[in-house]
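Coordinates in review
Single-letter residue listing:
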Amino acid sequence: SGINTVKQASITATEILSAGGFKGPDSSFNPLPLTDVPALDDPLKDREQIVVGQICDHIDRLITTNTTLNPGIYCGGLKIEEDAVVQLLPGEYVMKDGQLNVTGNSSLIGSNVSFFMTGVDATFDFGLSTQVNLSAREEGKLSGILFFEDRNSPSDRMFTIRSKDAEKFEGAIYLSKGTLEIDKASRIGQKSAWTAIIAKRILVGNGPNIVINSDYANSTIPVPEGIAGGSEVRLTQ
C-alpha cells in the first residue's frame, strides 16, 4: 500500500494519489485515493546541491541560553536545550557529521534560512515541547528549500518532528534518502503560505495535525521548479 491509515487518522486533500494501493477505512480519506497512478519522478533530482568544504565554523555547538547564530558549517551538529530561544540570521546552515537537535522548551526561529544535512548522523530531531518558526532562503543555491539532505547520505535515516508548535515551516523539506517521522501532538505548517515534503518515506504517528498549504503567490519564498502547481507530499521511492 502506498498509503496506510490506522485508528482515527484521516487525510483530506484536493486529490489523493497512490502509485500502489491504499489501506484503511474509506472514511479516513476525503476523497478516496486514486490507485495505480504512474509513479512521479523526484521533482528536485536535478537541483544542484552545495559543496561543503573541510573548514568548520563551529564544532559540537551546544546552546542553553538565548542566542543569535550566524550561518556556517556546524561540525558535529547543533544542540539547543533547556529554555533557549535561538534566532538564526539569514543564510545557509550546514549540519556536518551531527544532528540538529532541539529539546526542552527551546525555540528555533529564522527567516531566509536553509539547512544542508551532510555526513554522519546529519539529521534533525525537534522535541515535544519545542517551538519552531522557519522559512527558507529567498535566494542562492538553496532558495526555496528549507531542509536539503545530501543525496550521498545512507538510506532510511530518521528525521523527526514532535514539536508542539512547528506551524511556520515555509519551504521544501527535501529528504530523498530519508524518512520523515511526524509524531505526538505536533502542529505542522498551519501558518506557512506553502510547504512541500519530498521524502523516501513519511511516517505520521498518533496525534499530529499537518497542513500542507500552497498559497505560493503570497510568499516571498521562491517555489522550486517541479513543485509549483499544487500541494506537494511526495515519496521519492
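Within any chain, residue numbers begin from 1 and follow the written order of that chain's sequence. Residue-level local features of this predicted model are given only where pLDDT is at least 70; pairs of side-chain atoms are given and counted only at 80 or more, and the full residue set underlies all totals for whole chains, interfaces and linings. For side-chain calculations, the full set of non-hydrogen atoms in the structure is used, while hydrogens and water are omitted.

Considerations on the environment of Pro31
Strands here are runs of E lasting at least two residues and helices are runs of H or I lasting at least four, both read from the DSSP assignment and numbered beginning at the N terminus. Topologically, Pro31 is positioned in the loop between β4 (29–30) and β5 (58–63). By relative accessible area, Pro31 is classed as partly exposed at 33%. Residues Pro31 and Thr12 lie 19 residues apart in sequence; the distance between their C-alpha atoms is 6.9 Å. Between two residues, a contact is recorded if the distance between any of their heavy atoms is within 4.5 Å. Not counting chain neighbours up to four residues away, the residues in contact with Pro31 comprise Ala13, Thr14 and Ile16. Relative accessible area decides the class of each residue, using a 1.4 Å probe on protein chains only: under 20% of the type maximum gives buried, over 50% gives exposed, and in between gives partly exposed.

Topic: the state of the cysteines
For the purposes of this analysis, a disulfide is any pair of cysteine sulfur atoms at a distance within 2.5 Å. For the structure on display, the rule yields one disulfide. The disulfide that involves Cys56 links it to Cys75, with 2.0 Å between the sulfurs. Here the disulfide of Cys56 and Cys75 is left-handed, its torsion about the S-S bond being about -85°. Of this pair, Cys56 sits in the loop between β4 and β5 while Cys75 sits in strand β7 (residues 72–80), placing them 19 residues apart in sequence.

With respect to the nonpolar core
Nonpolar side chains in soluble globular proteins tend to end up buried together. We define the nonpolar core as a collection of buried residues of types Ala, Val, Leu, Ile, Met, Phe, Trp, Tyr and Cys that are connected through side-chain atoms lying within 4.5 Å of one another. In terms of nonpolar packing, the biggest core is built from 52 residues, with Leu100, Leu108, Phe115, Phe124, Phe126 and Phe147 touching the most fellow members. With eight residues, the single largest contributor to this core is strand β17 (residues 165–182).

A word on the pairing of strand β16 (residues 158–161)
Two strands form a pair only when DSSP identifies at least two bridges running between them. Inspection of the sheet shows strand β13 (residues 124–126) paired to β16 by two bridges, in the parallel sense. Looking at β16, one finds that Asp125 is bridged to Thr160. Pairing of β16 with β17 involves four bridges; the strand directions are parallel. Looking at β17, one finds that Phe159 is bridged to Leu180.

Some points on the packing of aromatic side chains
For Phe, Tyr and Trp, rings pair up if their centres lie within 6.5 Å, where Trp contributes its six-membered ring, and each pair is then called stacked (planes under 30 degrees apart), edge-to-face (over 60) or tilted (otherwise). Scanning the model with the defined rule gives 13 aromatic pairs in all. Ring geometry for Trp194 versus Tyr216: centroids 5.8 Å apart, planes at 65°, classification edge-to-face. Of this pair, Trp194 sits in the loop between β18 (187–188) and β19 (195–204) while Tyr216 sits in the loop between β20 (209–210) and β21 (232–235); the two residues are 22 residues apart in sequence, bridging distant segments of the chain. Accessibility expressed as a relative area gives 0% for Trp194, which makes it buried. Among the aromatic residues, those joined into a ring-pair cluster are Tyr74, Tyr93, Phe115, Phe124, Phe126, Phe147, Phe159 and Phe169.

Let's talk about the side chain of Ser143
Mapped onto the elements of the fold, Ser143 is located in the loop between β14 (131–135) and β15 (145–149). By relative accessible area, Ser143 is classed as buried at 16%.

Observations regarding the pairing of β7
The element β7 is largely enclosed, with a buried count of seven among its nine residues. Sheet analysis places β5 next to β7, joined by five bridges and oriented parallel. Looking across to β7, one finds that Arg61 is bridged to Leu78. Sheet topology note: the β7/strand β9 (residues 91–96) ladder contains four bridges and is parallel.

Things to note about the pattern of salt bridges
Two side chains with opposite charge may pair up if their charged atoms get near one another. Salt bridges are defined as contacts in which a side-chain nitrogen from Lys or Arg sits within 4 Å of a carboxyl oxygen from Asp or Glu. Applying the stated criterion across every chain, the model contains eight salt bridges. Here Lys45 ties to Asp46 by a salt bridge, and the two come within 3.4 Å at their closest N and O atoms. The class for Lys45 is partly exposed, based on a relative accessible area of 44%. Given a relative accessible area of 68%, Asp46 falls into the exposed group. Salt-bridge contacts for Lys79 lead to Glu81; the nearest nitrogen and oxygen are separated by 3.5 Å. Since its relative accessible area comes to 21%, Glu81 is described here as partly exposed. Residues joined by salt bridges that share partners form a network here, namely Glu167, Arg187 and Lys191.

Describing the side chain of Ser186
Along the chain, the position of Ser186 falls in the loop between β17 and β18. Apart from the residues lying within four places of it in its own chain, the contact partners of Ser186 are Ile161, Arg162, Ser163, Lys164, Gly207, Pro208 and Asn209.

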